[in-house]
Amino acid sequence: MELTAGVAFRDKLEQASALLSHKVPNGDPATILELALDLLIERETKRRSGAGKPRKRRETKPGSRHVPVEVQRAVRERDGDQCTFSDAEGRRCSAKRFLTIEHVDPFAKGGPTTVDNCCLLCRPHNAHRARQVFGDEHIQNKISEARANRRQSAPPAPTPNHDVSEKVLGALVRMGFKRADARRAVEQARVREVEPLLEPMLRATLAILTP
Ligand SMILES: [Zn+2]
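Here's what I pulled together on the structure shown here. (Residues numbered from 1 in each chain as written. Predicted model: local features only at pLDDT ≥ 70, side-chain atom pairs only at ≥ 80, totals over all residues. Heavy atoms only, no water.)

## What to know about the pairing of strand 2 (residues 118-122)
Thinking step 1. Counted residue by residue, strand 2 has five buried out of five residues, so it is predominantly covered.
Thinking step 2. Alternating residues of strand 2 divide into Cys118, Leu120 and Cys122 and Cys119 and Leu121, and every residue in both groups is buried. (Buried < 20%, exposed > 50% of the residue type's maximum accessible area, 1.4 Å probe, protein only. Helix = DSSP H or I, 4+ residues; strand = E, 2+ residues; numbered from the N terminus.)

## What about helix 6 (residues 179-191)?
Thinking step 1. The terminal C-alpha atoms of helix 6, which comprises 13 residues, lie 18 Å apart, in line with the 18 Å expected from a rise of 1.5 Å per residue.
Thinking step 2. Two residues or fewer past helix 6, Glu193 is found with a positive phi of approximately 55 degrees. (Expected span 1.5 Å × (residues − 1).)

## Side note on the side chain of Thr205
Thinking step 1. Of note, Thr205 is situated in helix 7 (residues 198-209).
Thinking step 2. Overall, the relative accessible area of 0% leaves Thr205 in the buried class.
Thinking step 3. A distance of 2.9 Å separates a polar side-chain atom of Thr205 from the backbone oxygen of Leu202.
Thinking step 4. Other than its neighbours up to four places away in sequence, Thr205 contacts Val168, Leu172, Ala185, Val186 and Ala189. (Polar contact = N/O pair within 3.5 Å; in protein donor to acceptor, adjacent residues only side chain to side chain. Contact = heavy atoms within 4.5 Å.)

## A look at the packing of helix 5 (residues 161-174) against helix 6
For any two helices packed against each other, the geometry comes down to the angle between their axes and how far apart the axes lie.
Thinking step 1. In the contact formed by helix 5 and helix 6, the axes pass within 9 Å of each other and the chain directions differ by 140 degrees. When the interaxial angle is binned, helix 5 and helix 6 end up oblique. The two elements helix 5 and helix 6 meet at a crossing, and its hand is right-handed. On helix 6, the residues touching His162, Ser165, Glu166, Val168, Leu169, Leu172 and Val173 of helix 5 are Arg179, Ala182, Arg183, Val186 and Arg190. (Axes fitted to C-alpha atoms, helices over the stretch in contact; angles between N-to-C directions. Parallel < 35°, antiparallel > 145°, perpendicular 65-115°, else oblique. Left-handed = near helix turned anticlockwise from the far one by under 90°.)

## Quick look at the environment of Glu102
Thinking step 1. Structurally, the position occupied by Glu102 is in strand 1 (residues 99-103).
Thinking step 2. Through-space distance from the C-alpha of Glu102 to that of Arg129 is 9.7 Å; in sequence the pair is 27 residues apart.
Thinking step 3. When sequence neighbours within four positions are dropped, the list of residues in contact with Glu102 reads Arg65, Asn117, Cys118, Cys119, Leu121, Asn126, Arg129 and Met175.
Thinking step 4. Side-chain polar atoms of Glu102 contact the side chain of Asn126, separated by 3.3 Å.

## Comments concerning the pairing of strand 1
Thinking step 1. Of all five residues making up strand 1, five are buried, and the element is well covered by its neighbours.
Thinking step 2. In terms of strand pairing, strand 1 meets strand 2 through five bridges, oriented antiparallel. For Leu99, the partnering residue across the bridge sits in strand 2 and is Cys122. (Pairing = 2+ DSSP bridges.)

## What to know about the side chain of Thr210
Thinking step 1. Structurally, the position occupied by Thr210 is in the segment after helix 7.
Thinking step 2. In terms of polar contacts, Thr210 uses its side chain to reach the backbone carbonyl oxygen of Leu206, at 2.6 Å.
Thinking step 3. When near neighbours in sequence (up to four residues on either side) are disregarded, Thr210 contacts Arg123, Pro124, Ala127 and Phe177.

## Remarks on the coordination of the zinc ion
Thinking step 1. The coordination sphere of the zinc ion contains the protein donors Cys83 (SG), Cys93 (SG), Cys122 (SG) and His125 (ND1), at a distance range of 2.1 to 2.3 Å.
Thinking step 2. With four donor atoms in place around the zinc ion and angles of 100 to 121 degrees between them, the coordination shape is tetrahedral.
Thinking step 3. One chain supplies every donor for the zinc ion, spaced along it as C-x9-C-x28-C-x2-H. Taken together, the residues Cys93 in the loop between helix 3 (69-78) and strand 1 and Cys122 in strand 2 connect sequence positions 29 residues apart. By the burial criterion, Cys93 is buried, and Cys122 matches it. (Donors = N, O, S within 2.8 Å, 3.2 Å for Na, K, Ca; no water. Tetrahedral: all angles 85-135°; square planar, octahedral: opposite > 155°, others 65-115°.)

This is the structure we're talking about:
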């Protein structure tokens, strides 16, 4: 059998031959083409047998924080395995290591665990975003506190330190820090006598964890 091939074809064949140098050491074009055809046939057969049937997705329970593997894969692919944070000038963070999948619309505020609502962030930028989110939350808490104060003149009971530590610990773990690291940071913040309130504690622990 003979066939006339163009430059593009020969380039592809050469590329395949290079990639298959272990499997087909002599680089025999017929062998390489046969392997390629096997793959093509297998793929098309699969495609036809499963045509129009999207793969069944494992349903995530509504309200679950768990990011399903399919969502993780799609997000990683879309974001090119790189942190998606962009600064004010639109320069994107170049971090490609220690990335975590985060909710754009925060999970704590009802953001769904979907591909559209998830993105890749490096640890420092995850922490940065959390600071913003918790900052907002802090303001909200202050507003409700003030409203409560207006209704009843008695000052609200101060939160016990232990409670704050546990909350901060939980938040840090949800941000992707290891529990042991988070606990150490909380201990360090306590030793430094950081004000035992949610926001100062969170700021202090984040500063310790993301120097
Ligand atoms: Zn980043």
